[in-house]
Amino acid sequence: MLERMLSARRGQLHSDGAEVEDDESKTRKHISFAMRVSTHLTRLGYLLPCILLGVVLFCIVLVSTWSRKLACAPSSDAASRFRFLGFDGPDSDFGSLGVPWCRSKHGKTVQWTSKDLLKGLEEFVPIYETRPIKNNMYGMGFDHSFGLWFMARWLKPDLMIESGAFKGHSTWVLRQAMPDSRIVSLSPRHPVKYLKKGPAYVDGNCTYFAGKDFVDFGSVDWGSVMKQHGITDLSRVLIFFDDHQNELKRIKQALKAGFQHLIFEDNYDTGTGDHYSLRQICDQFYIRDCSISTVNSYVMVYLLLQYIYRKLIRHGVPFGGGHSCFRDSDEARERARRKKFWEKAVDIDELCGAGEEWWGVRGQMRDDFNHSNKDISYTEHFMNSRYVESILDVYWELPPVAGPSLTHQSRYDPARVSSPIVEDGRFGLFTRLGLSSLETSVFNGYTQMVYLQISEPES
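Nothing here was measured: the structure is a model prediction, and the numbers come from that model. Just so you know, the residues in each chain are numbered from 1, in the order the chain's sequence is written. With the structure being a predicted model, the display of local features is reserved for residues of pLDDT at least 70 and the display and counting of side-chain atom pairs for 80 or more, all residues being used for whole-chain, interface and lining totals. In computing side-chain properties, one takes all heavy atoms of the structure into account and sets aside hydrogens as well as water.

## Description of the state of the cysteines
Here a disulfide denotes a covalent bond joining the sulfur atom of one cysteine to the sulfur atom of another.
And then number 1: Cysteine sulfur atoms that come within 2.5 Å of each other are treated as a disulfide pair. Overall, the coordinates contain two disulfides when judged by the stated rule.
And then number 2: The partner cysteine of C102 in its disulfide is C282, sulfur to sulfur 1.8 Å. The chirality of the disulfide connecting C102 with C282 is right-handed, given an S-S dihedral of about 105°. Taken as a pair, C102 in the loop between α4 (78-81) and α5 (114-128) and C282 in the loop between α10 (278-281) and α11 (297-314) lie far apart in primary sequence, 180 residues in all.
And then number 3: The disulfide partner of C325 is C352, and the S-S distance across this bridge is 2.0 Å. Its torsion about the S-S bond being -95°, the disulfide of C325 and C352 is classed as left-handed. Pair noted here: C325 is in the loop between α11 and α12 (330-339) and C352 is in the loop between α13 (348-351) and β6 (364-367), with a separation of 27 residues, a long-range link. Each member of the pair, C325 together with C352, is buried. Secondary structure follows DSSP: runs of H or I at least 4 residues long count as helices, runs of E at least 2 residues long count as strands, and numbering of each begins at the N terminus. Only protein chains enter the calculation, and the probe is 1.4 Å; a residue is then buried if its accessible area is under 20% of its type maximum, exposed if over 50%, and partly exposed in between.

Structure below.
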């Protein structure tokens, strides 16, 4: 009897449950999508934030792995500097070891764009093919010849001054850029002397302080020279230095004379060259503001995190500047690997002195074709950079004309320079610009030519 009552009661419970399920099945389809999402989130509880945090951390680690391609660069080149996803082929090498970049006082940059550079290349190639000195060994190659011509033509100075003429190729380039502007040339040996041995260029509308009439740039009475040439506005004067002198010394001399627009031909990288350069001066540990737009502010926060990770924990590959002499570091391994492929690549043994002095050239401030050198402390090196930044209105390094897979150059290391005007893989553009018609040897003289605009420090 009891068993029958329990069996009947179980049957009634199952029957009621079925009715409830039937009722739910009829009404479930009327529940809104938002309500369903809300219900699922409620069931997840604290699990959802954990999942989201995991995704965020995964993304950070992923970007951290790829970000070795990222380097500090000016705003005009920001797009190319942030290609850290690894899909650029050979071009992704550019800047992978960091690109030192001097900070300007107010974040100004040049007015010309990459499109202007491409247009200029198309115009300059046929001009370059008419050069009188075809084999300009130890002088400027194509990259810097184009850079000097382009900047002189853009700035349109009333007077151009060059310190260091050699055989006269740079004088010829300046003349092609500004046919009617006056030129003052300072050179220990007059270019006419080279005519006895081979091609050279002497300009008929140039005032030479050369040979027995040579006067060093820092000793010239520039006030008198400007008066002789009718120059009253020094902002209309362009100075071109190719004299292998300490560039800090030259900047101070130019500023004292009141000049504002300067171009240095040999802006040697840290650990290389025969004189102290702007690039060496601005190769510092601290992160530069590089005038990157506020759009990339989140990237700059990430850069700070990576900087701490690499510098303090792993002694890793630098961003814009500063180096580690730790021989078991990412930088040391990367430099050793690249030394096998690029003539001017510098490994840790070449970069660092006996006391781990990496600044300048193994802790030296070189001058006068490496004939006059001075050991400097890192503190002095650091203060030099602060001085330069206090007078700097614009700093712009000429990029390589084209990537090494196009030019077949084997000297400069792409890991320490900004992206080229014509990137690797763009052979069609390289050909259309006429660059493929030039001998490959003319592309081997790139040393980070730099343009500066300077003014007195602000009080």
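There is more to say, and it comes next.
## Structural notes on the environment of M160
And then number 1: As for its position among the elements, M160 is in strand β1 (residues 159-163).
And then number 2: Assessed through its relative accessible area of 1%, M160 is described here as buried.
And then number 3: It is 9.4 Å that separates the C-alpha atoms of M160 and T171, two residues lying 11 residues apart in sequence.
And then number 4: Residue contacts are defined here by distance: any two heavy atoms, one from each residue, within 4.5 Å place the two residues in contact. What M160 contacts, discounting residues up to four positions off in sequence, is A152, L174, M178, S181, R182, I183, V184 and L238.

## Considering the confidence of the model for the chain
And then number 1: Across the chain, the average pLDDT comes to 81, with 73% of residues at 70 or higher.
And then number 2: pLDDT is a per-residue confidence score from the predictor, ranging from 0 to 100. Every residue in residues 287-300 is under pLDDT 50, and counting partners more than four places away or in other chains gives 27 contacts.
And then number 3: Below pLDDT 50 for its whole length, residues 305-319 participates in 46 contacts with residues either more than four positions away or in separate chains.

## Here's the deal with the pattern of salt bridges
And then number 1: The term salt bridge refers to a pairing of a side-chain nitrogen on Lys or Arg with a carboxyl oxygen on Asp or Glu at a separation within 4 Å. Taken as a whole and assessed by the stated rule, the structure comprises 24 salt bridges.
And then number 2: The salt bridge involving R416 is made with D269; its shortest N-O contact spans 2.9 Å. Of the two residues, R416 sits in the loop between α15 (404-407) and α16 (427-432) while D269 sits in the loop between β5 (261-264) and α10, which places them 147 residues apart along the sequence. D269 carries the same exposure label as R416, and that label is buried.
And then number 3: D328 is the salt-bridge partner of R333, the closest N and O atoms lying 2.7 Å from each other.

## Some remarks on the packing of aromatic side chains
And then number 1: Note on aromatic contacts: the rings of Phe and Tyr and the six-membered ring of Trp form a pair at centre separations within 6.5 Å, being stacked when their planes are under 30 degrees apart, edge-to-face when over 60 apart, and tilted otherwise. The tally for this structure, following the rule as stated, stands at 29 aromatic pairs.
And then number 2: Measuring from ring centre to ring centre gives 5.1 Å for W112 and W396, while their planes differ by 85°; the resulting arrangement is edge-to-face. Residue W112 is found in the loop between α4 and α5, and its partner W396 is found in strand β8 (residues 392-397); the two are separated by 284 residues along the sequence. Accessibility assignment for this pair places W112 and W396 in one class, buried.

## Side note on a nonpolar patch on the surface
And then number 1: Exposure above 30% relative accessible area and the absence of a salt bridge qualify a residue for a patch, where like charges join within 9 Å and nonpolar side chains (Val, Leu, Ile, Met, Phe, Trp, Tyr) within 5 Å. The method behind every accessible area is Shrake-Rupley, applied with a 1.4 Å probe, and residues are considered shielded solely by the protein chains displayed. Nonpolar side chains collect at one region of the surface, where V192, L195 and V202 lie side by side and expose about 210 Å² of accessible area between them.
And then number 2: Here L195 is to be found in the loop between β2 (182-187) and β3 (206-210).
And then number 3: Classification of L195 as partly exposed rests on a relative accessible area of 44%.

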